[in-house]
Every structure is written in C-alpha cells, then in structure tokens.
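Per-entry structural report
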Amino acid sequence: MSSAVHREDVAVKGLEKPAEIIVDFWGVAHLYAKSDRDALFLQGYNAARDRLWQIDLWRKRGLGLLAENFGENYVDQDRATRMFLYRGDMQKEWEAYGPNGKKYAAAFVEGVNSYVQKVLDGDAPLPVEFEISDTTPDLWKIDDVVRIRSHGLTRNVASEVARARVACKADLETDVLRRKLEPQWETKIPDGLDPCLIPKDVLKDYELAIKGVEFSSLKENKANETSDKQQTASDHNYDFLQASADNVDSIGSNNWTISPDRTKTGRAMLANDPHRSHSVPSLRYVVHLNSPNMSVIGAGEPALPGISIGHNEDIAFGLTIFSVDQEDLYVYELNPDNPDQYRYNGEWQDMEVEQETIDVRGGDAQDVTMRYTRHGAVLKVDEDNNRAFALRTVWFEPGTSAYFGSADYMGARNWQEFSDAMQRFSTPSENQVYADTQGNIGWVVGAMTPTRENWDGLLPVPGNGRYEWDFLDRNKLPSSYNPEKGWIATANQMNLPDDFPYETLHIGFEWADPSRYERISKVLSENDSMTLADSMALQNDVTSMLALRLVDLVNQAELQLPEGADASVSQALELLKNWDGVVSVDSSAAVLGELMIDKHLGTETVERVAPDEVASLIAQGSITSVIDLLEAPNDQLGDDPQKARNDIIVSALIQSVEQARALLGDDLDSWRWGSLHKAYFENSVTPIAPEYLKEQLTVGPLETGGDRFTPLAARYDSDFEVTMGASFRMVLDVGNWDASRFINTPGQSGDPFSPHYRDLTPLWATGDYVPLVYSREAVETNASKIMNLTPQQQ
C-alpha cells in the first residue's frame, strides 16, 4: 500500500467493534466491519459523512418538514407530501421486507445519527449547504426510512387525467396520438364516468408531493415574499398534459445480461445504466459493504440501507422500470348534506379526516386537514359538481418503500434465492436482470401488481364500489432463465411475453418507445464475443433507431418544397436524407433531426389531426405515435392522407431549418449538436448561494451526444440542457469482479470542496469508466484514504 495514503483514527459512538473505511481513488468507500450490524451501521455513518445535506433534505422533504426549516412557502408542499406517507400497520410493513429489513434499517439509522450528532456537537464540520440555508441536520427515526413513499416511481395517474380531458374535448382515438398503447389495445370510458368532470388541476397536490425542493425564493421567504419560481402547483399550466410524472420516455434505464458462451471471457456479463434526473450530488452512491457474512458492492440510494444495483461474491443484479400501472384516480359522488361522506355500494361512507400541525420557521404553526377514502388520499373536492377525487396507489400498501427491497435481494446467492426475494420486492416495478459466477443469467419482474377485472386502468373510474383492485400472484409475472439466445436486455420497452394474458390482467399499457431496446438488441445479436469494452460502448451508443425511422420516412415520401423556398431548406433536406441516425456531438444532421423529432414534427401532426382545443392540450404528442401515423397515413389526416403527411414533413423541415439557423447560424456545415446539447449539474442550494460559491457548487456545462431515444439516454429541456439520463453506469465481469467498471456523475461526494464532488464528470462525458475494485488486495492497492474506526464510549 502506498505510503501516501492518508490515515485517520476516528472514535465512533454506536460502533460495536473496530472497523475500517477505505476510500479509493474514485471516492468509493469500502466498509469493513466485524458484523452485519456494524456494516449497515457504517453504511449510514458513511452516507452522512459524505452526503449529509442530500440525505437530510431527502428526509425533510419526504416527511413534510420543509416549512419548519425553510419557511411558510413550503407549507403546501409539506401538506401534500404528508398525504402520501405510509400510515398502515408498521409490523406488517417491516415484515414485508424479509428477515433483515428492520434490523438493517435500525443499524443504518443508528449510523446516520452517530455522524449527525457529531455535527451537532461541533465534532464534525457542518456541510456548506446548511450554512447557506441557515439550517442544521436532524436526527432520524427508524420508521422514517420506510414511511416516505413520494420519491418512488409509480404510474399512470397523470396519463389517466390527460386521457380523460382529451376524451372530453375529442375522442379516445385522438388520444392515441398523445400516448401509444401496447400491446395493441382499444380502451373505453368506464361506465359511470363523465370525463368532462375531471378538473384540470386535480393532480395539484400529487405533483407537489412528488416534486423536489426548490430554493430559488428562500431569501425572499425571509421577507415573506415569493418569487415566480416558487409558486405552488395551482399556478402550473395544466393545459399542457405531458406531465413529467407520467412521461415514460423520461425516466428509465438500460440493462442487459449475457451468458458465457457469448462473451470473450467465457464468463457472464451484466450491465446497467439507470436514467434519472441529473443532480449534484448524484441520485446514486456507490459503496462496498463487508462483514464476515457479506461482501456486496454497487450503487444504492444514499438515504437507504443496502445496494440495489451491483454484485456480491456470487451474483450480479441490475434493474430498469417495468411499466406496471400502480395507481388510479377515483371519482366520488358526495353527500350534499355532508361533504365528508361519499357514495360507495349505494351507501354513504365517512371519509377519514386527519388534522396535523405544520411548524413554520419564522411564523405561526399552521393546521392542515387531510382526507382519505377507502381507496386513498383525497386530492381535490369539486363543490360545484359535488364530486371528490382520490388517488389509489400501492404506496399505501405494506412493503412499498421504493428500492428498500434491495436490502433483501442483495444477499441472495443463487437464482432461486434471488427469485424468492423478488416475491417481496414491490416498488418501483422493475425488470431485474441477474447473472452468477456459475454462468447462469436471468430476468424476473419485481413488482406489486394491481389487477383490474372490469376496466383497464387507462382512465379514472367512479369510486362507487364497481371498480376494485386485486393483486396479481407474483408467480404470474414474467421471467426468463438461461434463454436460448444467450442474452437478455430491457430498456423499459413493452416486453410482455406473447402468451401473457394482458387482455384480462390489465397490468399496464403505457411503455417507453422501443428505440433504445432495438439498438441494444441489434448490437447484442450481432456480437457473439462481447467484451466489457463493447458493453461500455453500447451504454454510450448514440445511434437512434427512431431517427432512422424518420430518415426512411423522408426518403420514401415524395416531398415537394414550396416555390421560393430558401436554398438552405433544400440543402437541409439532403442532409436529413443522408443522416445515419447517429446523434453525435459533431453532427450537423443531428441538429436538424432533433429539432424535427423533439420540436416540430409532432406539433405539425397534432395540429392537423386534433381539434384546436385538444391540440393545445397534447402539444407535440408522442413522437412514437406521430411517426407511426406518418409511416401509415390514414383518414385521421384527412381526405388525402399522403399529401397531408408530406405537407407535415415539409412544414416541420422548414421550421427546423429556421430554428437551427437562428440558434447556430446560416452555415449548415458548421452546425454541431454538441453546441446546443449540454449537461449541467446544479446543487439544490445554488440559487440562494453567495456569488463566490455558485461556481464551486455547479458542474458543467459539458457537451454530450445522444437523446432520449439512444442507448446513451440524454433527455433535454426546451433550452437543450440535458436534464435526465444515466449518471451511474456499471459493467460487471461476473466472477472476475476486479475487472468490472463503473462511473458515477458528477462524483461520489456531496461535499463541494471534495475532489470527489466533480472528478468523474469529464470521464462520464467522454464515455470512460473507472475500476469497481472488489477484492481486499485491489482495494488496498487503490486506496487514497483509510479511516480506522474504534467504538467510543456512550
């Protein structure tokens, strides 16, 4: 071991026996403890040491404690978040996570609190974000870990509301342009539902509950003023129905697992790159837990015990979203003589009414009221129409704390044990891929899955007792073990097996565009000697199969440019016809193609197909559905579908050229996708930080290729800033673990003054990786810091 390794002796309250934390060159903490309890204790202690602001804010947001810390402008968000806390039987809750769930959480929380107490006592530094916001961290309770639900990903209530509003103003056929349904399906309005009664702001509290924390107005809060950016959801533009909570192309992942006979090493391989909103620090944190009974490494959520994506000595595991529909909006008739009663099975039922007090920093505490039906939290009451609206979600069921189920499966030793753990994994609904040191590979869905006997879950339903859930026997969820083709891949696409009885089980009809999967499938099918480098290249691949569909469409259509069209339009058309679909930073064709795909092609199509009042609702629609229609034009486009299709393409092309010229100049050859498309990572407190700290807190911008349809997922906003994608990527050489590679962006640490706050970002931007070292020998060889921990007297 290098003599340059920094060594530190630390006394830790709550630690039972001496332990070590070895931090490697890339900021990964390898925790060595003498018991499972101490390993999980150290995970909490280390998470607080490296990510205290992040995990403390996660807890305060999730429990509805923002106003107490940051002022009265957060009262509405606190109330909304508290509506979705788990309020059921805690014994059943803990039992749902298997034999280790509660004791792991208890040890983790004790570790967090041990470090937090050091900070509160002045024996450890207070992270700068607390100084900026003039707050301090809190101590945790064990139930905090699992009661918070609103950070989890369920679906599809936002789409239900959108579909109802389109159905009110047009019809359900028009709505297919907003969201494609798979497998092939024709929905209908449930008996007893008037879609026109669904208020446009019915999801106000739901959206508040799931949103992050915005600090843009904290300074103004102190003067009881509110900036434009800190308005409540009641000020949102609800005439735009592409709700982020329901955009399945925004939040997803890629994973694959490959059998030994298709890899160059003769060992199995597993790769995973989950896609979520970009932030600093990263959503995920890589850590290595070691005890006499455990050695597991990979990425978890820093505020939760366990590892959700990674490997132990015997197996590797990774996940992507599998689109089970886990929520529904219920519509109730209210008793005109008592608005706290709703009709159910022909009788008036009492709502459960709960009162809570929200403490407010710098102001008086505020009492809030929350109402619940038998199905869930009441989101809105429409007094004019005597209706109430409530959300039923699996969040209210025991065992649905997002990702916490990883504490169960991370210790599995073989396929049977892993599959058994999936019987208890509930949220988010996931494609779990698997590989082991014996050369086996597999895929199993882990999800709590509602089934709907007499409706499909695609629209709100009356809450009168006719529309009730059951839950699917988990053995009926799809799985695969050692498939003949030698590989398994998922990318949030519709991957129900051909014989799955979707017509009766109705587990979900809204999936991501298949383009990422199609590209991954093509590469894996054509290479029977995959290397780690090949998998890393595939995670960073910027070929868009959707773009190639557009190119084929343009080449097959007989396009006529209008007389007098600028010469640049003709030049652009040739550029598009010859595009290879590669969305690289240096591509000029990608600029044109992306503007058509993401801006103008959908808008032009929707305006042709939908009535004006509906076009304003669904905006650009789903580009997948748009291209489906343009590839096979029908009477939705009018009396002459072919001509209408061609006119749409030409109009979108002209507008894209005009926008590109305005953004990048008149010289088409000088256009570069990277000049527009840049990744930027902003700390949550940057808007309220002193000017001299803003640059220290911020990472980027960095040019990056890709879009949301390429394996290198890089979704961008209206200003082309990359907002979502893979911050964490991992490729595992199963059995030769030290050869495995990963990257986590911007870096491992949450401390803006740590070298590990941003050190991995340049590598991430260029598609490079660093070793995910596992063996003790490799860890010591790559050590940069060692903390020798000893128990401290209480």
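Only a predicted model underlies this, so the values are computations on that prediction, with no experimental measurement involved. (Residues numbered from 1 in each chain as written. Predicted model: local features only at pLDDT ≥ 70, side-chain atom pairs only at ≥ 80, totals over all residues. Heavy atoms only, no water.)

**Overview of helix α22 (residues 641–664)**
Across its 24 residues, α22 extends 34 Å between first and last C-alpha, which sits within 8% of the 34 Å expected from 1.5 Å per residue. Buried residues of α22: Pro641, Ala644, Arg645, Asn646, Ile648, Ile649, Val650, Ala652, Leu653, Ser656, Val657 and Ala660, and no others. Among the structural elements, α17 (545–556), α18 (567–577), α19 (588–609) and α21 (623–631) are those in contact with the buried residues of α22. Two residues or fewer after α22 comes glycine 665, characterised by a positive phi angle close to 100°. (Helix = DSSP H or I, 4+ residues; strand = E, 2+ residues; numbered from the N terminus. Expected span 1.5 Å × (residues − 1). Buried < 20%, exposed > 50% of the residue type's maximum accessible area, 1.4 Å probe, protein only. Contact = heavy atoms within 4.5 Å.)

**Focus on the environment of threonine 605**
With respect to the element layout, threonine 605 can be found in helix α19. Expressed as a C-alpha distance, the spacing of threonine 605 and isoleucine 649, which sit 44 residues apart in the sequence, is 8.8 Å. If sequence neighbours within four positions are ignored, threonine 605 has contacts with Leu177, Val626, Leu629, Leu630 and Ile648.

**Points about the pattern of salt bridges**
Under the definition given, this model contains 42 salt bridges. The salt bridge partner of glutamate 20 is arginine 776, with a shortest N-O separation of 2.7 Å. Remark: arginine 776 occurs in helix α26 (residues 776–781) and glutamate 20 occurs in strand β2 (residues 19–24); sequence separation between them is 756 residues. Of the charged contacts in the structure, one is a salt bridge between glutamate 333 and arginine 343, with a shortest N-O distance of 3.1 Å. With glutamate 333 in strand β10 (residues 327–335) and arginine 343 in strand β11 (residues 338–344), the pair connects residues that are 10 residues apart, well separated along the chain. Residue class for glutamate 333 comes out partly exposed when judged on its relative accessible area of 32%. Arginine 343 sits in the partly exposed class, given a relative accessible area of 29%. (Salt bridge = Lys/Arg side-chain N within 4 Å of Asp/Glu carboxyl O.)

**Focus: the pairing of strand β15 (residues 377–382)**
Pairing of β15 with strand β16 (residues 387–393) involves 5 bridges; the strand directions are antiparallel. Bridge pairing links aspartate 382 to arginine 387 in β16. Taking the residues between adjacent antiparallel strands as the criterion, β15 and β16 are bridged by 4 residues, where asparagine 386 takes a positive phi near 55°. (Pairing = 2+ DSSP bridges.)

**Re the layout of surface pockets**
The calculated volume of the second largest pocket comes to roughly 700 Å³. Forming the boundary of the second largest pocket are 35 residues, of which Arg49, Asp50, Tyr115, Pro125 and Asp751 lie nearest the centre. Those elements that provide at least two residues to the lining of the second largest pocket are β1 (6–13), α1 (36–63), α5 (101–121), α6 (128–133) and β31 (783–792). The element best represented in the lining of the second largest pocket is α1, accounting for 8 residues. (1 Å grid on protein atoms, 1.4 Å probe; cavity = no way out; pocket = protein on both sides within 12 Å on 5 of 7 lines; lining within 4 Å. Points joined across faces, edges and corners; volume = space filled by probe spheres on them.)

**Examining the state of the cysteines**
Under the counting rule described, the total for this entry stands at 1 disulfide. Between the sulfur of cysteine 168 and that of cysteine 196 lies a disulfide, 2.1 Å long from S to S. On the S-S bond that ties cysteine 168 to cysteine 196, the torsion sits near 105°, and the link is right-handed. Residue cysteine 168 is located in helix α8 (residues 157–169), and its partner cysteine 196 is located in the loop between α9 (172–175) and α10 (204–210); the two are separated by 28 residues in the primary sequence. (Disulfide = S-S within 2.5 Å.)

**Remarks on helix α3 (residues 75–83)**
In terms of burial, α3 is largely enclosed, as 8 of its 9 residues are buried. When we look at burial in α3, the residues that qualify are Val75, Gln77, Asp78, Arg79, Ala80, Thr81, Arg82 and Met83. Those residues of α3 that are buried lie in contact with α1, α2 (66–70), α10, β13 (352–358), β14 (366–372) and β15.

**Considerations on the packing of aromatic side chains**
The way to describe two aromatic rings as a pair is by their centre distance and the angle between their planes. Summed over the entire model, instances satisfying the criterion amount to 38 aromatic pairs. Each ring, one from tryptophan 58 and one from tryptophan 140, has its centre 6.1 Å from the other, and the planes form 20°; the classification is stacked. Of this pair, tryptophan 58 sits in helix α1 while tryptophan 140 sits in the loop between α6 and α7 (144–147), and the two are 82 residues apart along the sequence. Both rings, one in tryptophan 415 and one in tyrosine 481, keep their centres 5.0 Å apart while their planes meet at 20°; by these two values the pair is stacked. Of this pair, tryptophan 415 sits in helix α13 (residues 415–422) while tyrosine 481 sits in strand β22 (residues 479–481), placing them 66 residues apart in sequence. (Phe/Tyr/Trp six-rings, centres within 6.5 Å; stacked < 30°, edge-to-face > 60°.)

**Notes on the sheet that holds strand β3 (residues 29–32)**
The strand order across the open sheet built from 11 strands is β1-β31-β2-β3-β6-β7-β8-β9-β17-β18-β22, with neighbouring strands paired in mixed fashion. Strand pairing shows two members of the sheet lacking a second neighbour, β1 and β22, which therefore form its edges. On average, each strand axis in the sheet is inclined to that of its neighbour by 20°, with strand direction left out of account. Relative to strand β6 (residues 285–291), β3 runs parallel, the two sharing 4 bridges. In the sheet register, tyrosine 32 faces β6, and the bridge partner there is asparagine 290. In this fold α1 packs onto β1, β2, β3, β6, β7 (294–300) and β31, with an angle of close to 155° to the strand it touches most, β6. On the sheet, α13 packs against β9 (315–321), β17 (430–436), β18 (441–446) and β22 and is oriented at approximately 10° with respect to β18. (Axes fitted to C-alpha atoms, helices over the stretch in contact; angles between N-to-C directions.)

**As for the confidence of the model for the protein chain**
When pLDDT is averaged along the protein chain, the result is 94; 95% of the residues meet or exceed 70. Within the model, pLDDT remains below 50 along residues 221–245, and this stretch shows 50 contacts once partners closer than five positions in the same chain are excluded. (pLDDT = per-residue confidence, 0-100.)

**Points about the packing of α19 against α21**
Axis separation between α19 and α21 bottoms out at 10 Å; the angle between their running directions is 60°. With respect to their mutual orientation, α19 and α21 come out oblique. Handedness of the crossing formed by α19 with α21: left-handed. Contact residues: α19 offers Ile597, Leu601, Gly602, Thr605 and Val609, while α21 offers Ile623, Val626, Ile627, Leu629 and Leu630. Of the residues in the contact of α19 with α21, the class split is 8 nonpolar, 2 polar and no charged. (Parallel < 35°, antiparallel > 145°, perpendicular 65-115°, else oblique. Left-handed = near helix turned anticlockwise from the far one by under 90°. Nonpolar A, V, L, I, M, F, W, Y, C, P; charged D, E, K, R; others polar.)

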